[in-house]
Amino acid sequence: MAAVRVRQQHQHQQVQQPITPPSPQPTIIRRKKTNQKFEKTMLLVLVGIIAVLGVLVLNNQAAIQTTSMDIQKIESEAEEIAKQNVDLTVRVSELSTYENIWKKAKELGLTQNEKNVKVVPGE
């Protein structure tokens, strides 16, 4: 009988241990595949739009650079023409002096006739 009592006490001790309830498992929310497909499609569209805008920006920058170079070329040509105009104006002034005109007239065989001279007011 003593052996039966020891066994009952032993079983009784095992039963008295507190039973811990199973820990609640985190709930997993599964997303619908249609949303994932939509999100992937939207991401691809966004990447495509960014790529197209990048190409457009680069194209505009290239056009601006080309136009800027053309403007600089035209400005340098205009400066060169302005210098030539100044040089030609100085040359005209030098050749328009009375002495140069009289010298050229003598070379061409012209003579001064006082009766044909008309005085023109002006410069």
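This structure is a prediction, so every number in the text was calculated from the model and none was measured. (Residues numbered from 1 in each chain as written. Predicted model: local features only at pLDDT ≥ 70, side-chain atom pairs only at ≥ 80, totals over all residues. Heavy atoms only, no water.)

Counting buried positions over the 10 residues of helix H3 (residues 98-107) gives 1, only a small fraction of the element. The positive-phi residue at the C-terminal boundary of H3 is Gly109, with phi of around 85 degrees. (Buried < 20%, exposed > 50% of the residue type's maximum accessible area, 1.4 Å probe, protein only. Helix = DSSP H or I, 4+ residues; strand = E, 2+ residues; numbered from the N terminus.)

Mapped onto this numbering, the UniProt entry annotates "transmembrane region" (unreviewed entry) at residues 41-58. Taken end to end, residues 41-58 comprises 100% helix and 0% strand; its first and last C-alpha atoms sit 26 Å apart. (UniProt positions renumbered as here; feature names shortened; annotations may be inferred.)

Looking at the chain, the pLDDT average stands at 83 and 76% of residues meet or exceed 70. When pLDDT is averaged over each helix and strand of the chain, the minimum, 55, is found for helix H1 (residues 2-16) and the maximum, 94, for helix H2 (residues 33-95). (pLDDT = per-residue confidence, 0-100.)

Turning our eyes to something else, we now look at the pattern of salt bridges. Following the criterion strictly, the structure yields 1 salt bridge and no others. Here Lys104 and Glu107 are joined by a salt bridge, their closest N and O atoms 3.8 Å apart. Remark: Glu107 and Lys104 occur in helix H3; sequence separation between them is 3 residues, near one turn of the helix. By relative accessible area, Glu107 is classed as exposed at 54%. (Salt bridge = Lys/Arg side-chain N within 4 Å of Asp/Glu carboxyl O.)

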